[in-house]
Amino acid sequence: MLNVLWAAMILLGIAYGAATGRFPEVSEAALSSAKEAVTLAITMLGIMGLWSGIMEIATDAGILERMTRKMGPILSFLFPKIPKDHPARDHISTNMIANFLGLGWAATPAGLKAMEELANLDEDRRKGRIPGPVQSKGIASNEMCTFLIINISSLQLIPVNIIAYRSQYGSVNPTAIVGPAIAATLISTVVGVVFCKIMDRGRRT
């Protein structure tokens, strides 16, 4: 659907430029935008490499493992029906830590693995291997919905992406977004958690 929308907007822009006699400006904008996109991609690639490397160092040094253990009570509160020794908890905590640090690139692989493990957990429940509420096949479990909402709301301490964008486009103070970003993502995360708890209780009754 998004591909159709983007294609429609591009075609409308070209048609409008041709109709108003501004086709040279359209061509110039296309070339300059392509150059700008490549420059931005190189900038983001460098930042991605830096923070992904830091995550790897933190993993090898055991820092990430210790942070995961510290998150045990939070995970138990958010996902009370996931067994404490289930691998989904490790992937969820890694995803949450990466999102907290603003490392969306590092959070994505962990998020995909977490959803895969949550699907395995649901399958084990259907087969009676693990006790717990059973959902019909093809329907997301409460844990999947909760994880997705928390991943989207994503409390962030350092919004790396936005800082990089602001820096790329000439912001005088790129890090000025940190305070508002923390406030906004804190509110969105709290609202998301409250919503999940209310819906979870509603599905049990």
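Residues numbered from 1 in each chain as written. Predicted model: local features only at pLDDT ≥ 70, side-chain atom pairs only at ≥ 80, totals over all residues. Heavy atoms only, no water.

## Comments concerning the overall build of the chain
A tally of helices and strands in the chain yields 9 helices and 0 strands. In the chain, the succession of helices and strands from N to C terminus is α-α-α-α-α-α-α-α-α. Taking the principal axes of its C-alpha atoms as reference, the chain extends roughly 70 × 40 × 30 Å. Of all intrachain contacts in the chain linking residues separated by at least 6 positions in sequence, the fraction that spans at least 24 positions is 63%. Averaging the coordinates of the 19 positive side-chain charges in the chain and doing the same for the 15 negative ones gives two points 8 Å apart. (Helix = DSSP H or I, 4+ residues; strand = E, 2+ residues; numbered from the N terminus. Contact = heavy atoms within 4.5 Å. Lys, Arg positive; Asp, Glu negative; His and termini not counted. Charge placed at Lys NZ, Arg CZ, Asp CG, Glu CD.)

## Side note on the UniProt feature "transmembrane region" (unreviewed entry) in the chain
Cross-referencing UniProt, the feature "transmembrane region" (unreviewed entry) maps to residues 41–64, 145–165 and 177–196 in the present numbering. Note that residues 41–64 is 92% helix and 0% strand, and that its end C-alpha atoms are spaced 28 Å apart. Here residues 145–165 runs as 71% helix and 0% strand, with 30 Å between its end C-alpha atoms. (UniProt positions renumbered as here; feature names shortened; annotations may be inferred.)

## Some words on the layout of surface pockets
Taken as a whole, the largest pocket holds about 340 Å³ of empty space. Around the largest pocket, the lining is made up of 16 residues, and of these Ile74, Met96, Phe100, Leu155 and Thr189 lie nearest the centre. Put simply, the parts of the chain that give the lining of the largest pocket at least two residues each are α4 (72–78), α5 (87–100), α7 (142–153) and α9 (178–204). If you tally residues by element for the lining of the largest pocket, the top one is α5, at 5 residues. Broken down by class, the residue content of the lining of the largest pocket amounts to 11 nonpolar, 5 polar and no charged. (1 Å grid on protein atoms, 1.4 Å probe; cavity = no way out; pocket = protein on both sides within 12 Å on 5 of 7 lines; lining within 4 Å. Points joined across faces, edges and corners; volume = space filled by probe spheres on them. Nonpolar A, V, L, I, M, F, W, Y, C, P; charged D, E, K, R; others polar.)

## A word on the environment of Lys84
Relative to the elements of secondary structure, Lys84 occurs in the loop between α4 and α5. When the C-alpha positions of Lys84 and Ile139 are compared, they lie 23 Å apart, and in sequence the two are 55 residues distant. If we skip the residues at most four places from it in the chain, Lys84 touches Ser76 and Arg89.

## Examining the environment of Leu148
Note on placement: Leu148 falls in helix α7. Relative accessible area serves as the criterion here: at 45%, Leu148 is assigned to the partly exposed category. Taking the C-alpha atoms as reference points, Leu148 and Gly111, separated by 37 residues in sequence, lie 8.7 Å from one another. (Buried < 20%, exposed > 50% of the residue type's maximum accessible area, 1.4 Å probe, protein only.)

## Re empty space enclosed by the protein
Scanning the model with the defined rule gives 1 cavity of 30 Å³ or more in all. Quantified by volume, the largest cavity comes out at close to 110 Å³. Leu78, Phe79, Pro80, Lys81, Asn142, Glu143, Thr146, Ile150, Val193, Cys196, Lys197 and Asp200 together form the lining of the largest cavity. Elements supplying a minimum of two residues to the lining of the largest cavity: α7 and α9. A per-class count over the lining of the largest cavity returns 6 nonpolar, 2 polar and 4 charged.

## Comments concerning the side chain of Glu143
Locating Glu143 in the fold gives a position in helix α7. Given the relative accessible area of 6%, Glu143 is considered buried. Ignoring anything within four residues of it in the chain, the contact list for Glu143 reads Phe79, Lys81, Ile82, Leu118 and Arg125.

## Looking at α7
End to end, α7 covers 17 Å across 12 residues, agreeing with the expected 16 Å (1.5 Å per residue, within 8%). Within α7 the residues assigned to the buried category are Asn142, Glu143, Met144, Thr146, Phe147, Ile150 and Ser153. Following α7 by one or two positions, Ser154 adopts a phi angle in the positive range, close to 45°. (Expected span 1.5 Å × (residues − 1).)

## Focus: the nonpolar core
Counting residues in each nonpolar core, the largest one holds 27 residues, and the members touching the most others are Phe79, Ile92, Met96 and Leu118. Mapped onto this core, the elements with two or more residues apiece are α2 (23–60), α4, α5, α6 (104–126), α7 and α8 (160–168). Residues contacting Phe79, with those up to four places away along its chain left out, are Ile92, Glu143, Thr146, Phe147 and Ile150. (Core = buried A, V, L, I, M, F, W, Y, C linked by side-chain atoms within 4.5 Å.)

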